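Understanding the architecture of this molecule
Take a look at the letters that make up each chain.
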Amino acid sequence: MDALLNVILTPSFFYSILRVTTPIVFAAMGMVVANTAGIPNIALEGIMLIAAFVGMMTSALSSSAWIGLLCAILSGLLCAGILAFFTLYYRTNVILGGIAINSLASGGTVFALYLFCHDKGTSASVPSGVLPQVKIPLLDQIPVVGEILSGHNILTYLAFLSVIAVYILLKRTPLGFHLRAVGEDAHAAESVGIHVMRVQAVALLISGFLASLGGAFMSMGYVSWFSRDMVAGRGWIAIAAEAMGCSHPIGTALTSLLFGAADAFSNAAGVLGWPADLVRTIPYCVTLVGLILFSVRQYRRSNHKRRKTQNQPAAKPVG
């Protein structure tokens, strides 16, 4: 226990929390936008995986991490656009469409990895680009705080800035009002002139954009290579974070940090020699426990509201 505390109570541990939370925050913010518009994007896992592969491959071919990032974003937008096209215009079930993209990503990236690297496991033999780390002037000179907050990959800072951006988008812009109106009642929104399908398509594209940044971070920031199924459930964890955060950007970001802390803890436990199989289950166990507690809280809240409604006296007839 003392050895574990010596690892956890260090600036490097809190630094790692921000680092491992980055892809979860990106995907969770994408889910917030999509779910606010009433069209949940279940394809986050697949979009992140495809973006991670495309970012690695194009950065290696072009010898530029920035070109890799751009191509990763375009791949995420393409996946989200395909999902929007079939879901909104051909009325495909959005859940089934998302699962289809996830399945395609899982198998398709392995096939593409074999074609590109002649390896079905990793792209370690291919020199891929890495996005730069940013040292914040003055802040990096502050003991402890500087060690935690400075020196992260540029996408880590963009991830937490995306929380502010999504909050402003949903609460302070006309598009945000349209997204919320469509999500609350699509028919009522359409009756006042809002183009429902267009708004939901934009929501899915924004969601794909944010998820692609999370995927790009995985192969060009978290590590410098692509490996089979490297997203490892982070897209699903992001969906759980959005649900526990009640579709609010700030609440979702805080929940994402909780899951990031669980992931960082599992990494620390692995360093100390805990059984590998046990260590790998920690983030998912925390996610499961969190969802159970959230469900219990929501159930109790709904019961309380129902009882309160039943106990209200009936209105007396007039006259």
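Presented here is a report on the structure given in the accompanying data block. (Residues numbered from 1 in each chain as written. Predicted model: local features only at pLDDT ≥ 70, side-chain atom pairs only at ≥ 80, totals over all residues. Heavy atoms only, no water.)

1. Brief notes about the nonpolar core
- If you look at the biggest cluster of nonpolar residues, it comprises 84 residues, and the most contacted ones within it are Met29, Leu69, Leu155, Leu179 and Phe226.
- Top element by residues in this core is helix H10 (residues 196–222). It accounts for 14 residues. (Core = buried A, V, L, I, M, F, W, Y, C linked by side-chain atoms within 4.5 Å. Buried < 20%, exposed > 50% of the residue type's maximum accessible area, 1.4 Å probe, protein only. Helix = DSSP H or I, 4+ residues; strand = E, 2+ residues; numbered from the N terminus.)

2. A word on the pattern of salt bridges
- Throughout the structure, instances matching the rule amount to one salt bridge.
- The closest approach of N and O atoms between Arg234 and Asp263, which form a salt bridge, is 3.4 Å. Of this pair, Arg234 sits in helix H11 (residues 234–244) while Asp263 sits in helix H12 (residues 249–271), and the two are 29 residues apart along the sequence. The same class applies to Arg234 as to Asp263, namely buried. (Salt bridge = Lys/Arg side-chain N within 4 Å of Asp/Glu carboxyl O.)

3. As for the environment of Val202
- Along the polypeptide, Val202 turns up in helix H10.
- Expressed as a C-alpha distance, the spacing of Val202 and Ala37, which sit 165 residues apart in the sequence, is 9.3 Å.

4. Description of the packing of aromatic side chains
- In the structure shown here, the tally under the stated rule is seven aromatic pairs.
- A ring pair is formed by Phe85 and Phe86, whose centres lie 5.4 Å apart and whose planes are at 85°; its orientation type is edge-to-face.
- Taking relative accessible area as the criterion, Phe85 reaches 39% and is therefore assigned partly exposed.
- Taken together, a centroid distance of 6.0 Å and an interplanar angle of 35° make the contact between Phe86 and Tyr90 tilted.
- Of the residues examined, Phe86 reaches a relative accessible area of 43% and is grouped as partly exposed.
- Taken together, the aromatic side chains of Phe85, Phe86, Tyr89 and Tyr90 make up a single cluster linked through ring pairs. (Phe/Tyr/Trp six-rings, centres within 6.5 Å; stacked < 30°, edge-to-face > 60°.)

5. Remarks on the packing of helix H7 (residues 154–172) against H10
- Look at H7 against H10: their axes get within 11 Å of each other, and the N-to-C directions meet at 165°. By the criterion of interaxial angle, the relationship of H7 to H10 is roughly antiparallel. Of the two elements, H7 crosses H10, and the hand of that crossing is left-handed. Of the residues in H10, those touching H7 at Leu155, Thr156, Ser162, Val166 and Leu169 are Ile206, Leu210, Leu213, Ala216 and Phe217.
- Tallied by class, the residues present in the contact of H7 with H10 amount to eight nonpolar, two polar and no charged. (Axes fitted to C-alpha atoms, helices over the stretch in contact; angles between N-to-C directions. Parallel < 35°, antiparallel > 145°, perpendicular 65-115°, else oblique. Left-handed = near helix turned anticlockwise from the far one by under 90°. Contact = heavy atoms within 4.5 Å. Nonpolar A, V, L, I, M, F, W, Y, C, P; charged D, E, K, R; others polar.)

6. A short note on unusual backbone geometry
- Non-glycine residue His118 carries a positive phi angle of around 55°.
- On the secondary structure map, His118 appears in the loop between helix H5 (94–117) and strand E1 (133–134).
- Despite not being glycine, Val144 has its phi angle at roughly 65°, a positive value.
- In this structure, Val144 sits in the loop between E1 and helix H6 (145–149).
- The exposure class of Val144 is partly exposed, given its relative accessible area of 44%.

7. With respect to a nonpolar patch on the surface
- Together, Leu78, Ile82, Phe85, Phe86, Tyr89 and Tyr90 make up an exposed nonpolar region whose accessible area comes to about 660 Å².
- You can call Leu78 exposed: its relative accessible area is 54%. (Patch = residues over 30% accessible without salt bridge, like charges linked within 9 Å, V, L, I, M, F, W, Y side chains within 5 Å. Areas by Shrake-Rupley, 256 points an atom, 1.4 Å probe, with all protein chains shown as cover.)

8. Some details on H5
- For H5, with 24 residues, the first-to-last C-alpha span of 33 Å sits near the 34 Å given by 1.5 Å per residue.
- What H5 keeps buried is the set Val94, Gly97, Gly98, Ile101, Asn102, Ala105, Thr109, Val110, Leu113 and Cys117.
- The opening residue of H5, the one whose side-chain oxygen lies 2.9 Å from the backbone nitrogen of Ile95, is Asn93.
- One or two positions beyond H5, positive phi appears at His118, with a value near 55°. (Expected span 1.5 Å × (residues − 1). Polar contact = N/O pair within 3.5 Å; in protein donor to acceptor, adjacent residues only side chain to side chain.)

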